[in-house]
Amino acid sequence: VVSSGARVSYLAQSPEFPEHMTVMEAVFHQLPAHGDEQEYEARAMLTRLGITDTQADVTTLSGGQRKRVAIAAA
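A brief look at the structure comes next. (Residues numbered from 1 in each chain as written. Predicted model: local features only at pLDDT ≥ 70, side-chain atom pairs only at ≥ 80, totals over all residues. Heavy atoms only, no water.)

## Quick look at the environment of A42
Then, in step 1: Within the secondary structure layout, A42 lies in helix α2 (residues 36-48).
Then, in step 2: The class for A42 is buried, based on a relative accessible area of 8%.
Then, in step 3: The spatial distance from the C-alpha of A42 to the C-alpha of A72 is 6.7 Å, given a sequence separation of 30 residues.
Then, in step 4: Leaving out residues up to four positions away in the same chain, A42 has contacts with M24, V27 and F28. (Helix = DSSP H or I, 4+ residues; strand = E, 2+ residues; numbered from the N terminus. Buried < 20%, exposed > 50% of the residue type's maximum accessible area, 1.4 Å probe, protein only. Contact = heavy atoms within 4.5 Å.)

Dropping the structure here:
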């Protein structure tokens, strides 16, 4: 049983992001558009995953932190 509004996403083993992209930009990179509510939810998810600096450059993050950003994006 799948709830309405559920979405299936692919999570790569080693996620790659374009250079010089912020954490928040990386979360919304694959989505066509987002609003304030989605941004609030993304910040909450990142905080629960231990990522608090949403303006950090993803190239400066460790592999584990990049994976958590990819999980939030999924």
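## Side note on the nonpolar core
Then, in step 1: Ranked by size, the top nonpolar core spans 16 residues in total, and within it V23, V27, L46, V58 and V69 carry the most contacts.
Then, in step 2: Only α1 (23-27), α2 and α3 (63-73) provide two or more residues apiece to this core.
Then, in step 3: Counting residues per element, this core draws most heavily on α1, which supplies four residues.
Then, in step 4: Leaving out residues up to four positions away in the same chain, V58 has contacts with F17, P18, M21, T22, V23, A26 and R66. (Core = buried A, V, L, I, M, F, W, Y, C linked by side-chain atoms within 4.5 Å.)

## Section: the environment of Q65
Then, in step 1: With respect to the helices and strands, Q65 occurs in helix α3.
Then, in step 2: A relative accessible area of 27% places Q65 in the partly exposed class.

## Re α2
Then, in step 1: In a regular helix each residue adds 1.5 Å, so 13 residues correspond to 18 Å; α2 covers 18 Å between its end C-alpha atoms and thus fits that length.
Then, in step 2: Phi turns positive, to about 90°, at G50, one or two residues after α2. (Expected span 1.5 Å × (residues − 1).)

## Focus on unusual backbone geometry
Then, in step 1: For H20, which is not a glycine, the phi torsion comes out positive at approximately 60°.
Then, in step 2: When you line up the elements, H20 lands in the segment before α1.
Then, in step 3: On the basis of relative accessibility, which here comes to 62%, the residue H20 falls in the exposed class.

## Looking at the environment of M21
Then, in step 1: Among the secondary structure elements, M21 is positioned in the segment before α1.
Then, in step 2: On the accessibility criterion, M21 (12% relative accessible area) is buried.
Then, in step 3: Sequence separation between M21 and T54 is 33 residues, and the spatial gap between their C-alpha atoms is 10 Å.
Then, in step 4: Among residues more than four places away in sequence, those in contact with M21 are A26, H29, A56, D57 and V58.

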